[in-house]
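Here is how the chains run, residue by residue.
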Amino acid sequence: MTGRLIRSSTTGAHKVFENQAASCAGRSQLYVDLLTAWADDPVAAELVGPDPAWDAPLRLIGGLHYLVLGGEASWDDPLSEHAEFLREFVAIHGVQTNEVQRSWVLVPLLLRVAQRMDAPTFDLVELGPSAGLNLVWDRYRYRYEAGEWGREDAVLGFEGEERRPVPGELLDLEVEVRGRVGIDRSPIDVTSEEGARLLRSFVWAGQTERLERLDRAIDALRADPPELVRGDFVEELPEVLAAQPPDGLTVVFQTAALGYVGDQGRKRVREALETAGAERPLAFVSTGKPRVGGEDWGLRLVYWPTGEREFAGHADFHGSWLRWEL
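These remarks concern the structure in this document. Residue numbers here run from 1 along each chain, matching the order of that chain's written sequence. Under the rules for a predicted model, residues below a pLDDT of 70 receive no local features and side-chain atom pairs below 80 are neither given nor counted, while totals for whole chains, interfaces and linings still include all residues. Side-chain measures here rest on the full set of heavy atoms in the structure, leaving out hydrogens and waters.

**A word on the packing of aromatic side chains**
Stacked, tilted and edge-to-face pairs are distinguished by plane angle, under 30 degrees for stacked and over 60 for edge-to-face with tilted covering the rest, among Phe, Tyr and Trp rings (Trp via its six-membered ring) whose centres lie within 6.5 Å. With the rule as written, the count across this model stands at 14 aromatic pairs. A ring pair is formed by Phe85 and Phe89, whose centres lie 5.9 Å apart and whose planes are at 40°; its orientation type is tilted. In this pair, Phe85 and Phe89 both sit in helix H5 (residues 83–92), four residues apart, roughly one turn of the helix. Relative accessibility under 20% of the residue-type maximum defines a buried residue, over 50% an exposed one, and the middle range a partly exposed one, all with a 1.4 Å probe and only protein chains included. For Phe85, a relative accessible area of 30% corresponds to the partly exposed category. Since its relative accessible area comes to 3%, Phe89 is described here as buried. Between Trp104 and Tyr144, the ring centres sit 5.3 Å apart and the planes meet at 10°, which makes this aromatic pair stacked. Separated by 40 residues along the polypeptide, Trp104 in helix H6 (residues 103–116) and Tyr144 in strand E2 (residues 141–144) bring together distant segments of the chain. Relative accessible area serves as the criterion here: at 0%, Trp104 is assigned to the buried category. Taking relative accessible area as the criterion, Tyr144 reaches 5% and is therefore assigned buried. Secondary structure elements follow DSSP: runs of H or I no shorter than four residues count as helices, runs of E no shorter than two count as strands, and numbering proceeds from the N terminus.

Shown next, in the form of structure tokens:
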């Protein structure tokens, strides 16, 4: 009787752990092995709860990684040794993947906005910025087929695969970001060592290059951190837009955030943008569903006060490739 009850209580956890193990196949054998073992571990099931969300296993493995990074645990430790900490970590922290490689895709989009709006200076608002590493995109260096863009003394540089190249005329533009603000339910303060460690914990163990890239981006951000507003951007966006300087262009952008707010949330974001755009120069840079079915992002631009739209191309979710179509 007891065995049946335990199995019943862990069924939901078993499925999400197995699904995440499958998604890690070919990318991290350590994570595959851990998640597979935890699929049948009653302690793991208890830590993520009876009806866990799809990302609960990633929260759990992030919590253990957090301890490993601090020298407080090893990957071989049973979960029971750290159950109290891991239970709280899973409950409090959502998965934070502030993938700064996405800035390589954002650069031509933001330069196109500056070109189209004839605005070499503008203010930035990011929806769902996590720690805000992509808010300081202009502090990095970028390489494209037609040339390079960005600070020559940057501590971090990016390149990727151009399936259709970015026009050289965009890379000739010089822009200045006057102000930066992001809105996130759980922003991470990477000016603190605790915040930086938290962000590192969601980078998969063994991805040395990605961890080094993250550390350099953190150094760039710490030079002059952007403002991060804690809250639901669906609720906070109208007020943040109203507070932007009225004497110039405001550019709002998002990469993965709108996928988490549902149809009603996306509608309210559009309404907030349209309301603000009727009163001031405004542009929206957004990644979302591709124009044609596929496993990638479609890159879209909207300009106000006219509300005119442009489809700029397609890109990989994490910024490894770009196909420019303007």
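Back to the write-up after that little detour.
**Digging into the packing of helix H8 (residues 193–201) against helix H9 (residues 208–222)**
H9 packs onto H8 with a crossing angle of 145° between their chain directions and a minimal axis gap of 11 Å. In this structure, the crossing between H8 and H9 has a hand that is right-handed. Two secondary-structure elements touch here, H8 through Glu193, Ala196, Leu199 and Arg200 and H9 through Leu211, Leu214, Asp215, Ile218 and Arg222. Taken together, the residues of the contact of H8 with H9 sort by class into five nonpolar, no polar and four charged. Fitted lines through C-alpha atoms serve as axes, helices being fitted only where they are in contact, and the angles separating the N-to-C directions of these axes extend from 0 to 180 degrees. Here a crossing is called left-handed whenever its near helix is offset anticlockwise from the far helix by less than a right angle, and right-handed whenever the offset is clockwise. Here, two residues are considered to be in contact whenever any of their heavy atoms come within 4.5 Å of each other. Amino acids outside the nonpolar list (Ala, Val, Leu, Ile, Met, Phe, Trp, Tyr, Cys, Pro) and the charged list (Asp, Glu, Lys, Arg) are all regarded as polar, and Gly is one of them.

**With respect to the pattern of salt bridges**
A side-chain nitrogen of Lys or Arg and a carboxyl oxygen of Asp or Glu constitute a salt bridge if their distance falls within 4 Å. Tallied over the entire structure, the rule returns 23 salt bridges. Where Glu310 meets Arg112, a salt bridge forms, and the shortest distance between an N and an O atom there is 2.5 Å. In this pair, Glu310 sits in strand E11 (residues 308–315) while Arg112 sits in helix H6, placing the two residues 198 residues apart along the sequence. Accessibility classification places Glu310 together with Arg112 in one group, the buried group. Across the pair Arg180 and Asp138 runs a salt bridge whose closest N-O atoms are separated by 2.7 Å. Remark: Asp138 occurs in the loop between strand E1 (121–127) and E2 and Arg180 occurs in strand E6 (residues 176–184); sequence separation between them is 42 residues. Each member of the pair, Arg180 as well as Asp138, carries the same accessibility label: buried.

**Things to note about the side chain of His314**
Here His314 is to be found in strand E11. Among the residues examined, His314 registers a relative accessible area of 5% and is labelled buried. Within polar-contact distance, the side chain of His314 engages the side chain of Glu325 at 3.1 Å. Apart from residues lying up to four places away in sequence, His314 is in contact with Pro290, Arg291, Val292, Asp296, Trp297, Gly298, Leu299, Trp321, Leu322, Arg323 and Glu325. Polar contact criterion, stated in full: a pair of N or O atoms within 3.5 Å, where within protein one must be able to donate a hydrogen and the other to accept it, and residues adjacent in sequence count only if both atoms are side-chain atoms.

**Here's the deal with the nonpolar core**
Only buried Ala, Val, Leu, Ile, Met, Phe, Trp, Tyr and Cys residues count toward a nonpolar core, and they belong to the same one when joined by side-chain atoms within 4.5 Å. Counting 57 residues, the largest nonpolar core has Phe122, Leu124, Leu133, Trp137, Tyr140, Tyr142 and Val285 as its most contacted members. Examining the composition of this core, we find that nine residues originate from one element, H6, more than from any other. Sequence-distant contacts of Phe122, that is, excluding residues within four places in its chain, are made with Leu110, Ala114, Trp137, Val175, Glu176, Val177, Arg178, Gly179, Leu249 and Val251. If you look at the next biggest cluster of nonpolar residues, it comprises 28 residues, including Ala21, Leu60, Leu67 and Ala73.

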